[in-house]
Amino acid sequence: MIEENCQTFVSDCHVRAAAELINHAWDPVVLSALRLGPTRRNDLLVRIGGISDKVLTQSLRRLQARALLTRVPGAEPPSGRGGAVYQLSPLGESFANGPIAYLAQWAADHQAELT
């Protein structure tokens, strides 16, 4: 529930907490890419396009630390090649399918005004 006394720009405001989840440019993109289901790390690199290996690694670690995604246990191939498999956690699903999806739709609806 949003508190009525949450003032704009107050450090403990819920808007700030939510904005910090999309503070890094690639984090919402990674979450959106994982909406399609569990995905190997290397496939995420291809699916997202334009993201570097290093930035994807940082994003995956950050999102995992925030409990928005998980590594699928036992999903890595025995050879160790092909990368780990990641999936949205229930919290990540609610964020990716809720606020991020709505924000993306809003951006699509207002694309002409934003450019």
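Residues numbered from 1 in each chain as written. Predicted model: local features only at pLDDT ≥ 70, side-chain atom pairs only at ≥ 80, totals over all residues. Heavy atoms only, no water.

Caption draft 1: Seen up close, the pattern of salt bridges. A full pass over the atoms with the stated rule returns 2 salt bridges. Note that Asp27 and Arg62 form a salt bridge whose closest N and O atoms lie 2.8 Å from each other. Remark: Arg62 occurs in helix α4 (residues 53-65) and Asp27 occurs in helix α2 (residues 27-33); sequence separation between them is 35 residues. A salt bridge links Asp53 to Arg41; the shortest N-O distance between them is 2.6 Å. One end of the pair, Asp53, is in helix α4; the other, Arg41, is in helix α3 (residues 41-48), with 12 residues separating them in the sequence. (Salt bridge = Lys/Arg side-chain N within 4 Å of Asp/Glu carboxyl O. Helix = DSSP H or I, 4+ residues; strand = E, 2+ residues; numbered from the N terminus.)

Caption draft 2: Geometry of the environment of Leu56. Within the fold, Leu56 resides in helix α4. Among the residues examined, Leu56 registers a relative accessible area of 0% and is labelled buried. Along the primary structure Leu56 and Arg41 are separated by 15 residues, whereas in three dimensions their C-alpha atoms are 8.4 Å apart. Leu56 has contacts with Val30, Arg41, Leu44, Leu45, Ile48 and Ile51, leaving out every residue within four places of it along the chain. (Buried < 20%, exposed > 50% of the residue type's maximum accessible area, 1.4 Å probe, protein only. Contact = heavy atoms within 4.5 Å.)

Caption draft 3: Region of the structure containing the sheet that holds strand β1 (residues 39-40). Strands sit in the order β1-β3-β2 across an open sheet of 3 strands; the sheet is antiparallel. One side of each edge strand has no neighbouring strand; the edge strands of this open sheet are β1 and β2 (69-71). Sheet topology places β1 next to strand β3 (residues 85-88); 2 bridges connect them, and they run antiparallel. Bridging across to β3, Thr39 finds its partner in Tyr86. Against the sheet, α4 makes contact with β2 and β3, and its axis sits at roughly 110° relative to β2, the strand it touches most. (Pairing = 2+ DSSP bridges. Axes fitted to C-alpha atoms, helices over the stretch in contact; angles between N-to-C directions.)

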